[in-house]
Amino acid sequence: MADKEFDQGKRRFLVAATSVAGGVATGAVAVPFVASMLPSERAKAAGAPVEADITNLAPGEMMRVEWRGKPVWVVRRTTDMLETVKQSDAKVADPKSARKPGELTPPYARNEYRSIKPEYLVVVGICTHLGCSPVDKFKVQAEPFEADWKGGFYCPCHGSLFDLAGRVYKNKPAPDNLEVPPHKFLSDTRILIGDDGTRA
Ligand code: FES
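Parameters and conventions
Residues numbered from 1 in each chain as written. Predicted model: local features only at pLDDT ≥ 70, side-chain atom pairs only at ≥ 80, totals over all residues. Helix = DSSP H or I, 4+ residues; strand = E, 2+ residues; numbered from the N terminus. Buried ≥ 20, exposed ≤ 12 C-beta atoms within 10 Å, placed from the backbone. Contact = placed C-beta atoms within 7 Å. Core = buried A, V, L, I, M, F, W, Y, C linked by C-beta atoms within 7 Å. pLDDT = per-residue confidence, 0-100. Pairing = 2+ DSSP bridges. Axes fitted to C-alpha atoms, helices over the stretch in contact; angles between N-to-C directions.

## Some points on the overall build of the protein chain
(1) Moving on: Looking only at helices and strands, the protein chain has 5 helices and 11 strands in total.
(2) Moving on: Burial status across the protein chain gives 34% buried among its 200 residues.
(3) Moving on: A sequence separation of at least 24 residues applies to 60% of the contacts in the protein chain between residues at least 6 apart.

## What to know about the nonpolar core
(1) Moving on: Core analysis: the biggest nonpolar cluster contains 35 residues, and Ala52, Val65, Val72, Val74, Val122, Val123 and Ile193 have the highest contact counts within it.
(2) Moving on: Those elements that provide at least two residues to this core are β3 (50–53), β4 (62–67), β5 (70–76), α4 (79–87), β6 (120–124), β8 (152–154), β9 (161–163) and β11 (190–193).
(3) Moving on: Ignoring sequence-local partners within four residues, the contact set of Ile193 consists of Pro49, Val50, Ala52, Val65, Trp67, Val72, Val122, Pro181 and His183.

## Comments concerning the confidence of the model for the protein chain
Atom-level detail of predicted coordinates should not be read off regions where pLDDT is low.
(1) Moving on: Mean pLDDT over the protein chain works out to 84, with 76% of the residues at or above the 70 mark.
(2) Moving on: Contacts of residues 1–31 to residues separated by more than four positions or lying in other chains number 56 contacts, the stretch itself having pLDDT below 50.

## With respect to the sheet that holds strand β7 (residues 135–137)
(1) Moving on: Taken together, the 3 strands give an open sheet; going across it, the order is β7-β8-β9, and neighbouring strands pair in antiparallel fashion. The sheet is open, and its two edges are formed by β7 and β9, each paired on a single side. Strand-to-strand twist of the sheet, defined as the mean angle between neighbouring strand axes without regard to direction, takes the value 30 degrees.
(2) Moving on: The pairing of β8 with β9 spans 3 bridges and is classified as antiparallel. Among the inter-strand pairings, Gly152 is bridged to a residue of β9, identified as Asp163.

## Things to note about the environment of Asn171
(1) Moving on: Assignment of secondary structure puts Asn171 in the loop between β9 and β10 (183–187).
(2) Moving on: It is 9.6 Å that separates the C-alpha atoms of Asn171 and Leu161, two residues lying 10 residues apart in sequence.

## Digging into the environment of Glu83
(1) Moving on: Mapped onto the elements, Glu83 comes out in helix α4.
(2) Moving on: As for Glu83 and Tyr113, which are separated by 30 residues in sequence, their C-alpha atoms are 9.9 Å apart.

## Side note on the pairing of β5
(1) Moving on: Of the strand pairs in this sheet, β4 and β5 are connected by 6 bridges, and their pairing is antiparallel. When the sheet's bridge partners are listed, Glu66 is paired in β5 with Pro71.
(2) Moving on: A loop of 2 residues connects β4 with β5, the two strands running antiparallel in sequence, and Arg68 in this loop sits at a positive phi of about 55 degrees.
(3) Moving on: Examined bridge by bridge, β5 and β6 share 5 bridges and lie antiparallel to one another.

Pasting the structure below:
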């Protein structure tokens, strides 16, 4: 059962070892390097795609990556987690991501799991209501905010709920599903976030 998997694993939240695509270094050396750039180069670096290395991301775990100053979550979903997504279809407001497809869900994520590969969810971790950061609540159990909770994300600011595909529950303040950023798999263990190869 999924619960066991989550509990036993004591899900670690991995801070992503990210790097700006193109070889710009991160950390202390990045500052003088970026500062030495022309303004247009700095802007380009700030908006550049980032790579997420998911080599050590275990089933049931989530890692965070920063892209354009925004938190991006990568969740490796178990088969049980994917099953809860199916079970949530009737609870969510926009199960097929039909609203604002071009803005919030790229074509390759316009499916039930909102992902390229069902196993991996990639979403921007910002509530579509007023911009709070929802909290992960992956365990299937009765919660104060939802008796029949199937696992997902809870926004404590005003009580919006999102399932494990980032789909917003019906009748909540958040008007839309969580945004799926442009992304693509560079290999089985590397995801490029911010560039899906469809834009110039
Ligand atoms: S900001 Fe998330 S519910 Fe209001």
